Amino acid sequence: MTITIAASGDAAQAVETVVPQLVSDLVASGITAQNPTLWGPDAEDESAKRLGWTEAVVVSTPLLDEIDSLRDELAAKGVDHVVLAGMGGSSLAPEVITRTYGVELTVLDATEPGQVLTALADRLERTVLVVSSKSGSTVETASQRKTFEKAFTDAGIDPVERIVVVTDPGSPLDGQAREAGYRVFNADPNIGGRYSALSAFGLVPSGLAGADIRELLAEADAVTVELAQDRADNPGLVLGAVLAGTSPLRDKIAIVADGTHIVGFPDWAEQLIAESTGKQGRGLLPVVIGTSAPEITAGLHDVQVVRLVANADETREVAPGEVEISGSLGGQIMVWEYAVAVAGRLLEINPFDQPDVESAKVATRALLDDRPEPTPPAFTSEGVEVREVGGVETGDTLESAVAALLSHLSDDGYVSIQAYVDRVANPQLDEIRDLLAARTQRPVTFGWGPRFLHSTGQYHKGGPANGVFLQITQVPETDLEIPDSPFTFGQLVQAQAAGDAKVLAEHGRPVLTLTVTDVAAALPVITAALR
């Protein structure tokens, strides 16, 4: 299936005016040749070691037989349930791959204790845990690994037979895992996490879960020659121009799945775009929306709607100002990776670093070390504790607190909802996104914490300073110890939320935090305040 892109309005104009220059500058062939100078001298060092994804198909093909063999080996032992411990691109790519292929994968990219306990209680005797981390130092993944090691041991199961590690060669985790006797798959160290979909990070958990990763790589391979050519119809150049070449720049990219066979792709694209482009006060804000989202009909001057459809048609009229794109999953992954790299060049930023991700981690570690008492709420209303940082005057009702937060919203701003709750138990919470979008007539993002910290968290701190932030946190009914750690999962997720709020406030972003114990019971109260 080829990649087809149809554009209208400002997007079509961007393609017409920007792509010829990209062709003239040999950008496509330069990316394929891994030319690190394409993003300027400041980005050259990082770019020189982050372009391995352009040859991911060739590098990853030798892994296929090894993955197949391990899957058969596990199945012969009755092990057919795959749990993935990973954050950011390490989990979002396998999630979209397995969902598209219709196979089961339990993605554990959470520190909320209820969600971790649910994963532990689900078919442990038939479970293999895939631990995915470039370094192994990611606190979420390390905590999950230690917890499953203990659970396997307590159940009389040798963890060596049930834990598979994906990491960079020579990383601390690589050494630890090999010393412990775990099965290790090494990924290409010249691929950053968000570009790792077609590397071992995307393929090992997806393949063990039963996805057809051979077909996936074949789909990606089918577009690589086209993406390498400096031509006006190169889909990577076309989509890059759509994302970052509009004039004036439509810097809110509303991504909607509308009839495509690919399941969950906007969530993967969200982290690719946000972490790659949100820096130096510039960037593109991806907004994952549904087909009836308020952003589509609001006619917002700074929103570019991109629809993932079953069959885009360049000869058919596209809705005014919108873009349609269709193609295979493997092909789309490659095209979007090229396009975001192109967008970084157009925005004059380095698309391969993530300078502001570490700040939230540092704040989290400080709170875990000091373990201060939680800041008292400004007030409590119907079981909802209300706190603010960054200059929000809450008033004394939930309605006044929400209104105070939204009073900081500018004509070119956005609202970010950040839910540090058990997303498995409370999937309906994301319905509040449309409520706020309808009320504000501005783009609204929704992120589950802490997973968004490894993706859109970069944009929120490093991109344009025009976001307002609504945190929803949960007091766990049952906490869970982390083996060999001085803190629990409940304390970890609390520190992650508080640490991120602190860093956002230090960057001049207003934050309103609503803390609840029973999410389902509090939802009607929160919903009423948001309408």
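Structural data are supplied above this passage.
Residues numbered from 1 in each chain as written. Predicted model: local features only at pLDDT ≥ 70, side-chain atom pairs only at ≥ 80, totals over all residues. Heavy atoms only, no water.

Quick notes on the overall build of the protein chain
Counting its secondary structure elements, the protein chain contains 21 helices and 16 strands. Here the C-alpha radius of gyration of the protein chain, 22 Å, is about what a compact globule of 531 residues would show, namely 24 Å. For the protein chain, the spread of C-alpha atoms along the principal axes amounts to about 60 × 60 × 40 Å. Of all 531 residues assigned to the protein chain, the portion counted as buried reaches 61%. Relative to all contacts within the protein chain whose residues are 6 or more apart in sequence, the contacts with residues 24 or more apart total 77%. (Helix = DSSP H or I, 4+ residues; strand = E, 2+ residues; numbered from the N terminus. Rg over C-alpha atoms; globule rule 2.2 N^0.38 Å. Buried < 20%, exposed > 50% of the residue type's maximum accessible area, 1.4 Å probe, protein only. Contact = heavy atoms within 4.5 Å.)

So, the sheet that holds strand β8 (residues 285–289)
An order of β1-β10-β9-β7-β8 is seen for the five strands of this open sheet, with the pairing classed as mixed. Among the strands making up the open sheet, the edge pair consists of β1 (4–7) and β8. Within this sheet the neighbouring strands show an average axis-to-axis angle of 20 degrees, counted without direction. Across three bridges, strand β9 (residues 303–308) lies against strand β10 (residues 323–326) in parallel orientation. Residue pairing across strands places leucine 308 opposite isoleucine 325, the latter belonging to β10. (Pairing = 2+ DSSP bridges. Axes fitted to C-alpha atoms, helices over the stretch in contact; angles between N-to-C directions.)

Observations regarding the packing of aromatic side chains
The tally for this structure, following the rule as stated, stands at 11 aromatic pairs. Arranged with centres 5.0 Å apart and planes meeting at 85 degrees, the rings of tryptophan 39 and phenylalanine 352 form a pair that is edge-to-face. Of this pair, tryptophan 39 sits in the loop between α2 (27–32) and α3 (44–47) while phenylalanine 352 sits in the loop between α15 (329–347) and α16 (357–370); the two residues are 313 residues apart in sequence, bridging distant segments of the chain. The burial state of tryptophan 39 is the same as that of phenylalanine 352; both residues are buried. Members of the aromatic cluster, joined through ring pairs, are Trp39, Trp53, Tyr195, Tyr338 and Phe352. (Phe/Tyr/Trp six-rings, centres within 6.5 Å; stacked < 30°, edge-to-face > 60°.)

As far as function goes, none of this settles anything; it's purely spatial.
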